[in-house]
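The residues making up each chain are set out below.
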Amino acid sequence: MSDNTPKPKPQLPPHMQRLVRDRNIDDPQAAAESRRAALERRRMAIQFDIDQGELAQEPENPWTHRIVLLTEALANVESEIQAARVIGPQPYVALPSIAIEDVAVSEVEPYEVSFRIGAERFRWQEKLDWIERGGILAQPVLEQVGGSAAAIVPENVAGEFRDDLQTHLSDSLNAYATMLRDARLNEETLPLIATYDQLLPPCPTCGGWMDVKGHCNACAARKVHEQDLLHERQHLMKERSAEAEERHRLAERLPLARKRMADLERELASLM
Ligand SMILES: [Zn+2]
């Protein structure tokens, strides 16, 4: 094809062509056609509203169906909430009341914390790399550098129970070391606890092990689970009322939609 070929006159896209045609007041036939086409499109939209409104008034309709399903889901969540609130007794074994001795916290930073339980010596050190976070120097993490929780788990505790106890013990030893460091940092009296068993007091709620600060993992997890379920219940209730509102709105709008349809039919008839 040569470059001299005349380019075809650009055509308007169809919707623009229609606009131009609609404004053609010199052609009353075309104007009436286009008016009729617009009314037909409106009729389809109103018919949709009427169909939805009639459907919403039927005893069986999609909104009612969804409300039934959401009500069932709500009943399930409700029983899950009841189950989540049941406090399952947690395993517990009392620890021997061995003295916690030689508690030492260095006077200056980086802090070092140490103490001894029986023959096991525990030691923590602050990591030297201070981390800057948004202009604030964060207190360095206390890292355990000596001693093992495994060494002080009583011999008579066996199996899975032993691992569980060891985890709780390790967490509580770290919590205690941090309490000691923080007390020194804030120039407070060191929170001394006399004996090993005070590291894992029984939880008054579930009977399991709490840490030295009185925090119970089992109770905390139970509360988080319950909160999740309460959120889900709230969400389902919202969904259900949205369905009911939609059904109500469509049914309520039906007389108006019918009136609009009657007006439109009259207008269409006048164009014939
Ligand atoms: Zn508890």
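Structure: above.
Bear in mind that the values here come from a model prediction, so they are computed numbers and not experimental data.

Before we move on, could you go through the overall build of the chain and cite the residues and values that matter?
Helix and strand counts for the chain stand at five helices and six strands. Element order for the chain, N to C, with α for helix and β for strand: α-α-α-β-β-β-β-β-β-α-α. When each of the 272 residues of the chain is scored for burial, the buried share is 16%. Sequence-distant contacts in the chain: of pairs separated by 6 or more residues, those separated by 24 or more amount to 64%.

Which residues make up the packing of helix 2 (residues 28–57) against helix 5 (residues 217–271), and what values do they have?
Where helix 2 contacts helix 5, the two axes come as close as 8 Å, and the packing angle between them is 155°. Here helix 2 lies roughly antiparallel to helix 5, going by the angle between them. Where helix 2 crosses over helix 5, the two elements pack in a sense that is left-handed.

Now, about unusual backbone geometry: what can you tell me, with residues and values included?
Cis peptide bonds are those with omega within 30 degrees of zero, and the linkage from Glu-109 to Pro-110 qualifies with -5°. One can find Pro-110 in the loop between strand 1 (100–105) and strand 2 (112–117). Even without being a glycine, Asp-102 presents a positive backbone phi close to 50°. By the element assignment, Asp-102 lies in strand 1. Judged by C-beta crowding, with 11 C-beta atoms within 10 Å, Asp-102 ranks as exposed. Phi at Glu-187 takes a positive value of approximately 55°, unusual for a residue other than glycine. Counting through the fold element by element, Glu-187 comes out in the loop between helix 4 (159–185) and helix 5.

Could you give me a rundown of the environment of Arg-43, with the residues and numbers involved?
Counting through the fold element by element, Arg-43 comes out in helix 2. Residues Arg-43 and Leu-268, spaced 225 residues apart in sequence, show a C-alpha to C-alpha distance of 9.7 Å.

Tell me what's going on with helix 4, and back it up with residues and numbers.
Over its 27 residues, helix 4 runs 40 Å from end to end, which matches the ideal 39 Å to within 8%, given 1.5 Å per residue. Within helix 4, burial applies to Leu-165, His-168, Leu-169, Ser-172, Leu-173, Tyr-176, Ala-177, Leu-180 and Arg-181. Taken together, the buried residues of helix 4 touch strand 1, strand 2, strand 3 (120–126) and strand 6 (142–146). Just downstream of helix 4, Glu-187 is the residue with a positive phi angle, here 55°.

Scoring rules and cut-offs
Residues numbered from 1 in each chain as written. Predicted model: local features only at pLDDT ≥ 70, side-chain atom pairs only at ≥ 80, totals over all residues. Helix = DSSP H or I, 4+ residues; strand = E, 2+ residues; numbered from the N terminus. Buried ≥ 20, exposed ≤ 12 C-beta atoms within 10 Å, placed from the backbone. Contact = placed C-beta atoms within 7 Å. Axes fitted to C-alpha atoms, helices over the stretch in contact; angles between N-to-C directions. Parallel < 35°, antiparallel > 145°, perpendicular 65-115°, else oblique. Left-handed = near helix turned anticlockwise from the far one by under 90°. Expected span 1.5 Å × (residues − 1).

Shape descriptors only; they carry no functional weight alone.
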